[in-house]
Amino acid sequence: MLFKILSKEEFRNFIDFLLKDTEVIAPKQINVNADGKAIYQFLPVQNFEEIRLDYETTDYSAKTYFLPYKEDLSSCSFLGTIWDREIKYRIQPRAIVGLHACDINALLKLDKVLAGDRFPSPYYISRRKNTFIVGIDHDPCEGGFCQSVGADVVTHGFDLYLTDLGDRYFAAINSNRGFNALQQVKTREPTARDNNDYLEVRRRIASQFKPLEVHNLPNLMDIEFESKVWKKWADKCMSCGSCAMVCPTCYCYGVEERITMNNAKSAKIKQLYSCQFLDFATVAGGLNFRPDRETRLKYRYYHQHRGFVEAYEEPLCVGCYRCGRVCLADINPPDIIQDLQTEYQE
Amino acid sequence: MKTDLNVDVHHLTRIEGHGNIEVQIKDGKIQEARWDVVETPRYFEVMLKGKHFSSAGFLTARICGICSFGHCLASLRATEQAFGITITDKATKLRLLAKHGETLQSHILHLFFLAAPDFLEVPSAIPLIESHPDAVAMALRLKSLGNRICEVVGGRATHPVSLLVGGVARSPDELPGLRDELENALVDLGAATELVRTFEIPDFHRETEYVSLKGEDQYPFIGGRLVSSDGIEKAEQEYAAMTNEYVDQRNTSKWCKLSRESFAVGALARFNNNYHLLHPQALETASTLGLDPVCHNPFMNNIAQLVECVHIVNDSIQLIDALMESDSELTMVPVTPQAGEGVGAVEVPRGILYHHYNYNKDGYIVKANCVIPTTQNNANIHHALNDLVTKYAEEGMKSDRLELLCSMLVRSYDPCISCSVH
Amino acid sequence: MKYLGIKPKRPKIAVFDFTGCEGCELQLVNKEETVIDFLGSVDVINFREISSTISNDFEVAFIEGAITRDDEINRLNEIREQAKVLIALGSCACFGGVNRLKNAYDFKKANQEVYGKQHKETLPARAVKEIIAVDLQIPGCPVDKPEVERIVQHLVWDVPYQFPAYPVCFECKQQYTTCVFELGQLCLGPVTQGGCRAPCPVGGSGCWGCRGPAADPHLKEFLQIADEREFSRKEINERLSFYSGFEGML
Amino acid sequence: MTNLFHPYYITQEAEMTQPLDYNRRSRLKHVDQVFRSEIINVIPLTDMEKLFQLRILDEAERERFSFLPGQFVMVEVPGYGEIPISISSSPSHKGYIELCIRKAGVVTSILHKANRGAVVGLRGPFGTHFPIEKMRRNNILLIAGGLGLAPLRAPILNVIENRTDFKDVHILYGTRQSDMLLFSYQYEEWNRIADINLRVIVEQADPTWTGSVGLITDLLKEMRIEPMQTYAIICGPPVMFKFVCAHLQQEGIPMDRMFVSLERRMHCGMGKCCRCNIGSTYTCLSGPVFDYWTVMNLKEAI
Ligand SMILES: Cc1cc2nc3c(=O)[nH]c(=O)nc-3n(C[C@H](O)[C@H](O)[C@H](O)COP(=O)(O)OP(=O)(O)OC[C@H]3O[C@@H](n4cnc5c(N)ncnc54)[C@H](O)[C@@H]3O)c2cc1C
Ligand code: SF4
Ligand code: SF4
Ligand code: SF4
């Protein structure tokens, strides 16, 4: 990896350069909550001033720019008994500025599922490859446990990654595209002092996390399959699906088709779904493989912390804590995992 | 020739709600010529009691599915008057824009889908899809535009969700697109005028009193003083003296009167009282269609509606320009409930509407009253029906023709019956 | 028009209004882009609000409004006898809707207040299904036209229609909305039947529950979270009973 | 250079991703593309089930299409949806495939209305298959309950066509009532083939029924089984295969010599939508055909 130093002023020029002909998505403050705390979202921005790189976290992850909540997979036009199919992939290049490490790690995990060798998804790949990613380091967000699941540092999956050194950014370059882009502004090579400052910042960040014991989770999930912990938490779950919607890695979906009133055109529509919904595993005739909240909630954790580990040697969860924050019933991974550990120890 | 004639229209079609026309003529003399509203009573004024101010706008919108925005706006205004709240300029403009959307949608619905079939001699607009495809497409485009405006500002086309006490929940970003559509609508309105010009409006004049809001510097829609063509003028708060509601034994809707036994509200009333404030293009449309102030032909209400559409579309363009220029983003002001009472008068498509609430200090309604345009028109419809039947029966008109004319007369008031029996 | 060589049925439909605002009926002629195809895919036999052709030779009856008077019960029974498929259209027909709010008041006093000495007949507002058998309920205040279109498409093909199993929150989240709870406001989204595309939370007023309970709603937890956020029971109940969709569950 | 970022077009790499398994769909650019297929015949089997013969319209695609018994395809009725259906015809049969479809919901109802000539979409084939090649020189037990005969018919036909490769072949089939029996017009043919033992049983006999009455396990009890020289394929509702497998296990057949086909909700067939997950195993990728040992080891499988 190459490193460069970029002054804050030059970073601004860099954004202006991006904005010239690329759609730029960045954290924006959209509101304040009832307690006066700022609410941020990844949204398209028009100018540098709108970007808030000091954001703590966003309510929603940036997943929707890769896996839209709703997406037309294809459309059909009917001609008598036959029909023609049209498929369009999104190819407009765009940039996402300000992703935190957890969110980039989330993309790397999605890459494994959606761009891996088994049935790669062209819809995902075309979005992923056409998105220029600028990441940024930050202090831990409230509730975040990314360090425990190994998602607090990121070594690839982005074009540029910035660390704020006060008056300048320490920029890691991870792609040819990133390198070329940086050439549009003034940069310099890092000095020993820059390197030192950088490592100091990294150390400071790393030292602030509260550890959560997760290394034994895959086994624990099996051992505690019948645990009372699941029922305790599931009894609160309203099956609203919000957790999956804000999660940067949940990728489950459903497909349905629509046809116009005049039967001339139809669309095949994919929409992200949540495994907490009642009918997630229902089949025709009404048989539901996960009829109760307990099996549904357990499945979500089982998939993230055991199944995914089995398939890819790492958990699916990146510890961003968005699901915990969004859940009105306060169901959240650290508490559930802690409960499982406690029960296991007993 | 002395004849016996019977007209019995039980649940008149192509109007909103359930109303009956009954005419009996024996030996050429009217025994009976009635307009009765038989809709089931709903008691909204009672339901409002004990409700929190935040519910009132949503609840009263459900008085009427066609003018839900109007009800909501009247309700918000009544509450804001009671709490002593002044909303921001931006919110005022957005609300008026939403109001315009509804008026456009409602007028076009009435004119082309409910009234036009009579003039084109078909039972409904459905056959027109084949016989007059261009006209139907034009009318649908205009109606759709009205709905779109409502959606953009109010969150959806029927029963708004973004109009709240204190202002408007959000400032829409779809305004530039709307503006383009409005520009295009002017062309459609030209075609509409040409079509309506071919309608044969019955030549029937009956002098009556017209009541509306009084425009000061612009054609009036939300709030202001009340005025009648017989020269009565009152403040918004004195609406009760302007309406004088009373209960008719055979009707579930109330009746009203002012200087005479009945008065009229609606597009024609607004036109008659405020024509000088119309957009020049609207005035031009009026003169093209032979609508001159002060007009006493109730059938001309249809024409006045189209004239208002022309005004509204022009005014909406101006509103959007002003909204896009204004740099203030503020659409909501803080709301603190206080004890008090307030009246909101709003010109909804069918005429002037009043909401009147009394609040306790916690912001719960203690007493509510709503006076609906159709309520105000009922007596006038009834008496106009009498005069119409008298005139045409004397001319020896046949039953079925008379039935059609009676129905057309009622329809021209564009009555909104479920609304009137709120 | 044929589809895959299959000729669709053209069901003969009728629309009847009872006690309500006729807003749901209005939706049938809204959504202008498709309304011609919509009306063209069925045979409109009886639709008083827009047409003067009146006949009783219909197969599918859409009922709008709550039932609040004896004559309405009679009319409803006659319609049921004729209709092969009877559909309750909108929250009033499905639950009684806002009309049901009046049931909490003394009718004598109510009548006195509105009509003075003149007596007007009224019964407690009821849902259509409380009087006769209903084949399908389309809730909403007003109904969501795209959903009605889809239901009619399913009728045309004679295939079952399944309402979404998810609550309003799902479609709210899909639109990137800031949860109104976060802004300190109340919302019935977590317990309300989805499918409306969440116009109310998105529009800034929170969900009022017009579509009634979601599949397997967790009201107990909902009340818990509302309590925790210090909404008064009075406010919560006013919300939950507004469209009467949660009638009998509170 | 106006735009620093060159748009990336999927098609550039399309040909580089090689097909996996038998599935040409895995080529990147084709993921949502379907084979347009014409319904060439519709054969009503019972009140609820029809057999559809489908032919892929494009000749070259038709040539290339091949599958193994037990695999399924995603059948799409554009405008109404896409559903997984097991292939019911013989893998050796080129030119068309047969699908036995029960009317169960939206898509299947529309399909049941479709006539000869209608064009639907096919994706696939997907999933694992019954490892017939491993079963050579052994006895074969093919056991189906109800609609389970649909996925079982492909291995049945496959075994019949290669009869000499196997020792004893038994087909056991049970349904609730005799009017629910599928492919009854073929029993006679199957029965006549030397050394195929077909036995049919119904739970409730109507007056016209002259065959056996009872549960499928009743048929099993009457059989002598050589456990170490027998493979079993069992298709049917979970309750049924649980009992059957338990019985066979008692008879000594190792769990990894018994194969079942599982049913789960599916929206993609490609291990993406997660709807078919059992625990976190994708039924569409690791299944639908599993050996019984795997099934017993999957949490929440039955
Ligand atoms: C591997 C496999 C093989 C199958 N083989 C056959 C067969 O040979 N013959 C046959 O008749 N049926 C078979 N099924 C079942 C068949 O897929 C369902 O009956 C069908 O999906 C019902 O769709 P529907 O639209 O009619 O029902 P609806 O109830 O309207 O279903 C709506 C949607 O839910 C999903 N869904 C519902 N039920 C199922 C289900 N059981 N499996 C997967 N997805 C479902 C589909 O996406 C469907 O579009 C098989 C299922 C699987 C998983
Ligand atoms: S957000 Fe909370 S309540 Fe909603 S589905 Fe997820 S865990 Fe359940
Ligand atoms: S605003 Fe309402 S509907 Fe939206 S997520 Fe929050 S609770 Fe759910
Ligand atoms: S958000 Fe709630 S109140 Fe609004 S339409 Fe949907 S269900 Fe009805």
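Along each chain, the written sequence defines residue order, and numbers are assigned to residues from 1. Note on labels: chains are lettered from A, ligands numbered from 1, in written order. In keeping with the predicted nature of the model, local features appear solely for residues at pLDDT of at least 70, side-chain atom pairs appear and are counted solely at 80 or more, and the whole-chain, interface and lining totals rest on all residues. The side-chain figures draw on all heavy atoms in the structure; neither hydrogens nor water molecules are used.

### Here's the deal with the overall build of chain B
For chain B, the count of helices and strands is 14 helices and twelve strands. The dimensions of chain B, computed from C-alpha atoms along their principal axes, are 70 × 45 × 35 Å. Burial classification: accessible surface area is computed with a 1.4 Å probe over protein chains only, and a residue below 20% of its type maximum counts as buried, one above 50% as exposed, and the rest as partly exposed. Going through the 422 residues of chain B one by one, you find that 66% of them count as buried. By sequence separation, contacts in chain B at least 24 residues apart represent 72% of the contacts at least 6 residues apart. The protein chains shown are the only cover counted for residues, whose accessible areas, like all others here, come from Shrake-Rupley with a 1.4 Å probe. Accessible surface, chain B: about 13900 Å² in total, of which carbon and sulfur atoms supply 47%. Secondary structure counts use DSSP, requiring at least four H or I residues in a row for a helix and at least two E residues in a row for a strand, with both numbered from the N terminus. Residue contacts follow a heavy-atom distance rule, with two residues in contact if any of their heavy atoms lie within 4.5 Å.

### A short note on the site of ligand 4
Consider each residue's heavy atoms; a residue with any of them within 4 Å of a molecule or strand counts as near. Neighbouring ligand 4 are 13 residues, the closest being C:C196, C:C200, C:C207, C:W208 and C:C210. More than one chain approaches ligand 4, the contributing ones being chains B and C. The biggest single contributor to the shell around ligand 4 is helix α8 (residues 199-203) of chain C, with three residues.

### Regarding the site of ligand 2
If you check the shell around ligand 2, you find A:C237, A:M238, A:S239, A:C240, A:G241, A:S242, A:C243, A:Q276, A:C327 and A:I331 and nothing else. Under the scheme applied, nonpolar residues are Ala, Val, Leu, Ile, Met, Phe, Trp, Tyr, Cys and Pro; charged residues are Asp, Glu, Lys and Arg; polar residues are all the others, including Gly. Partitioned by chemical class, the residues of the shell around ligand 2 number six nonpolar, four polar and no charged.

### Quick notes on the interface of chain D and chain A
With 55 residues of chain D at the interface, the matching set in chain A holds 60 residues. When chain D packs against chain A, close to 5100 Å² is buried across both sides, 60% of that on carbon and sulfur atoms. Here, a salt bridge means any side-chain nitrogen of Lys or Arg that lies within 4 Å of a carboxyl oxygen of Asp or Glu. Joining chain D to chain A, the criterion identifies four salt bridges. Linking D:R36 and A:D84 is a salt bridge whose minimum nitrogen-to-oxygen distance equals 3.1 Å. The term polar contact refers here to a pair of N or O atoms within 3.5 Å; inside protein, the definition further demands a hydrogen-donor-capable atom paired with an acceptor-capable atom, and it admits residues adjacent in sequence only when both atoms are side-chain atoms. Counting every contact that joins chain D to chain A gives 18 residue pairs in polar contact (both at pLDDT 80 or more). Buried area: the accessible area, evaluated with a 1.4 Å probe, that two parts lose upon being put together, summed over both parts.

### Focus on the domain arrangement of chain C
Residue and element names in this part refer to chain C. As annotated, the domain borders come from an automatic or database domain assignment. Domain annotation for chain C reports domain 1 (12-157) and domain 2 (168-241). Inter-centroid distance (C-alpha atoms) of domain 1 to domain 2 is 26 Å. Both faces combined, the contact of domain 1 with domain 2 buries some 600 Å², and carbon together with sulfur accounts for 46% of it. Across the contact surface, domain 1 and domain 2 share two salt bridges. For E147, the salt bridge goes to R211, with nearest N and O atoms at 2.9 Å. The tally of links between domain 1 and domain 2 comes to three residue pairs in polar contact (both at pLDDT 80 or more). Secondary structure elements with two or more residues in the side of domain 1 that touches domain 2: α4 (91-95) and α6 (145-157). Residues that form the side of domain 1 that touches domain 2 fall into these classes: five nonpolar, two polar and two charged.

### Things to note about the environment of C:E78
All names here are of chain C. Assignment of secondary structure puts E78 in helix α3 (residues 70-82). A residue is classified by how much of its surface remains accessible, and E78, at 57% relative accessible area, is exposed. Between the alpha carbons of E78 and N56 there is a distance of 9.8 Å; along the sequence they are 22 residues apart.

### Description of the arrangement of the chains
Of all four pairs of chains sharing an interface, the pair with the highest contact count is chains B and C. At the level of C-alpha atoms, the two units chain A and chain B stay apart, their nearest approach being 12 Å. If you take every C-alpha in chain B and every C-alpha in chain D, the smallest gap between them is 26 Å, and the two do not touch.

### Some points on the interface of chain B and chain C
On the side of chain C, 54 residues touch chain B, which itself brings 66 residues to the contact. For the pair chain B and chain C, the two sides together bury roughly 5100 Å², of which 59% comes from carbon and sulfur. The interface formed by chain B and chain C contains two salt bridges. With five residues, the top contributor of residues to the side of chain B that touches chain C is helix α6 (residues 133-154) of chain B. For the side of chain B that touches chain C, the class distribution of residues is 29 nonpolar, 22 polar and 15 charged.

### Observations concerning the sheet that holds strand β4 (residues 81-86) of chain D
Residue and element names in this part refer to chain D. One open sheet accounts for six strands, arranged β4-β3-β6-β1-β2-β5; its pairing is antiparallel. Only two strands of the sheet have a single neighbouring strand rather than two, namely β4 and β5 (97-102). Within the sheet, the average angular offset between the axes of one strand and its neighbour, ignoring direction, is 40°. Pairing between strands is defined by DSSP: at least two bridges between them are needed. Note that strand β2 (residues 49-56) and β5 share six bridges and pair antiparallel. From the neighbouring strand, E49 faces β5, where its bridge partner is R102. Between the N-to-C directions of two axes lies an angle of 0 to 180 degrees, each axis being a line fitted to C-alpha atoms and, for a helix, fitted only over the stretch in contact.

### Thoughts on the packing of helix α9 (residues 267-274) of chain B against helix α11 (residues 301-325) of chain B
All names here are of chain B. It is the contact of α9 with α11, at a shortest axis distance of 8 Å, that shows an interaxial angle of 70°. Relative to α11, α9 is oriented roughly perpendicular. Considering the relative orientation of α9 and α11, their crossing is left-handed. Residues A267, L268, R270 and F271 of α9 form the contact with α11, whose participating residues are N301, A304, Q305, V307 and E308. When an angle is under 35 degrees it counts as roughly parallel; over 145 it counts as roughly antiparallel; between 65 and 115 it counts as roughly perpendicular; any other value is oblique. Helix crossings are classified by the rotation of the near helix relative to the far one: an anticlockwise turn of less than a right angle makes the crossing left-handed, while a clockwise turn makes it right-handed.

### A few points about the sheet that holds strand β6 (residues 209-214) of chain B
All names here are of chain B. Taken in spatial order, the four strands make up an open sheet running β8-β7-β6-β9, and their pairing is mixed. Edge positions in the sheet fall to β8 (233-234) and β9 (263-264), since each has one partner strand and no second. Pairing of β6 with β9, which is carried by two bridges, proceeds in the parallel orientation. Each bridged residue has a counterpart across the sheet, and for Y210 the counterpart in β9 is A264.

### Some words on the side chain of A:N288
Residues and elements named next belong to chain A. Residue position: N288 is located in the loop between β11 (265-272) and α9 (293-312). At 3.4 Å, the side chain of N288 and the side chain of T282 are in polar contact. Here R290 takes part through its backbone nitrogen, which lies 2.9 Å from a polar atom of the side chain of N288. Ignoring anything within four residues of it in the chain, the contact list for N288 reads L278, A281 and T282.

### Let's talk about the packing of helix α3 (residues 68-83) of chain B against helix α4 (residues 89-119) of chain B
All names here are of chain B. Remark: α3 packs on α4, axes separated minimally by 9 Å, with the N-to-C direction vectors making an angle of 150°. Relative to α4, the element α3 is oriented roughly antiparallel. Classified by chirality, the crossing of α4 by α3 is left-handed. Judged by residue contacts, S68, F69, G70, L73, L76 and E80 of α3 engage R95, A98, K99 and E102 from α4.

### Observations concerning a nonpolar patch on the surface
All names here are of chain B. A cluster of nonpolar residues, Y275, L283 and V294, forms a patch on the protein surface that exposes about 220 Å² of accessible area. As for its position among the elements, Y275 is in the loop between α9 and α10 (280-288). Residue class for Y275 comes out partly exposed when judged on its relative accessible area of 31%. Patch rule: a residue counts if its relative accessible area is over 30% and it has no salt bridge; like charges are joined within 9 Å, and nonpolar side chains (Val, Leu, Ile, Met, Phe, Trp, Tyr) within 5 Å.

### So, the environment of D:K134
Residue and element names in this part refer to chain D. Note on placement: K134 falls in helix α4 (residues 132-135). Along the sequence, K134 and Y231 sit 97 residues apart, while their C-alpha atoms lie 9.2 Å from each other. Excluding residues that lie within four positions of it along the chain, K134 makes contacts with Y231 and F259.

### Brief notes about the packing of aromatic side chains
Between the rings of Phe, Tyr and Trp (Trp by its six-membered ring), a pair exists once the centres lie within 6.5 Å; its type follows the angle of the planes, with under 30 degrees stacked, over 60 edge-to-face, and the other angles tilted. Within this structure, the stated rule accounts for 47 aromatic pairs over all chains. Taken together, a centroid distance of 5.0 Å and an interplanar angle of 75° make the contact between A:Y89 and A:Y123 edge-to-face. One end of the pair, A:Y89, is in the loop between β5 (82-86) and β6 (94-99); the other, A:Y123, is in helix α3 (residues 122-129), and 34 residues separate them in sequence. Ring geometry for A:Y273 and C:F170: centres 5.7 Å apart, planes at 80°, overall edge-to-face. With A:Y273 in the loop between β11 and α9 and C:F170 in helix α7 (residues 168-174), this residue pair bridges two chains. For the pair A:Y273 and C:F170, one class covers both residues: buried. By way of ring pairs, the aromatic residues A:Y273, A:F277, A:F280, A:Y299, C:Y166 and C:F170 are connected into one cluster. Note on criteria: charge over ring means Lys NZ or Arg CZ within 6 Å of the ring centre, with the direction from the centre no more than 35 degrees off the ring normal. Over the face of the ring belonging to A:Y253 we find A:K270, whose NZ or CZ atom lies 4.4 Å from the ring centre. The ring of D:Y231 has D:R257 lying over it, and the distance from NZ or CZ to the ring centre is 4.4 Å.

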